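Chain residues, written in single-letter form:
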Amino acid sequence: MSEDGTWQATKTLLSKPSSGTKARSSSVLNRNSKLYGAMNALDQSDASSCWNSGATNDDDSSIYYSVLFGRDVLIDEIRIQFQGGFVGEECTVYTSNEDSTSK
């Protein structure tokens, strides 16, 4: 972001589905992937499009969401937007490549 608060045009959205990026999640609300599937979170063309997780039935309420780029990328920034008053109490970001995994 520049000093005046605007985003620079040189930023590239690496998660565009058209670039071969895929998304996966541990759950989808009502198993309705068309409306709430993981790939919807990457849809920048529709502001109302989102991934919505389903409830978990076990003691471990952890839910995962992963983005698979399918190529080497340099991640400069990650943005997560919660909607409707819901927010993750604890979020952990992992990165990995074929040789290692980092937290």
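Above: the structure in question.
A.B. asks: I keep staring at the overall build of the protein chain and nothing clicks. Help me out?
C.D. replies: Counting secondary structure elements, the protein chain contains one helix and four strands. Going residue by residue from the N terminus, the α and β elements of the protein chain occur as β-α-β-β-β. The buried share among the 103 residues of the protein chain stands at 15%.

A.B. asks: Explanation requested: the pattern of salt bridges in the structure shown.
C.D. replies: Opposite charge on two side chains permits them to pair, given that their charged atoms come into close proximity. Scanning all chains against the criterion turns up one salt bridge. The partner of R79 in a salt bridge is E77, and the shortest N-O contact between them spans 2.8 Å.

A.B. asks: Help me understand the side chain of T21 in this model?
C.D. replies: Here T21 shows up in the segment before β1 (22-25). Separated by 3.4 Å, the side chains of T21 and R71 make a polar contact.

A.B. asks: Help me out: how do you make sense of unusual backbone geometry in this one?
C.D. replies: Across the chain, the bulk of peptide bonds are trans and the bulk of non-glycine residues have phi less than zero. Phi is positive for N30, which is not a glycine, with a value near 55°. Relative to the assigned elements, N30 resides in the loop between β1 and α1 (33-36). We classify N30 as exposed; its relative accessible area is 68%. One non-glycine residue, R31, lies in positive phi territory at about 55°.

Each value, and the rule that gives it
Residues numbered from 1 in each chain as written. Predicted model: local features only at pLDDT ≥ 70, side-chain atom pairs only at ≥ 80, totals over all residues. Heavy atoms only, no water. Helix = DSSP H or I, 4+ residues; strand = E, 2+ residues; numbered from the N terminus. Buried < 20%, exposed > 50% of the residue type's maximum accessible area, 1.4 Å probe, protein only. Salt bridge = Lys/Arg side-chain N within 4 Å of Asp/Glu carboxyl O. Polar contact = N/O pair within 3.5 Å; in protein donor to acceptor, adjacent residues only side chain to side chain.

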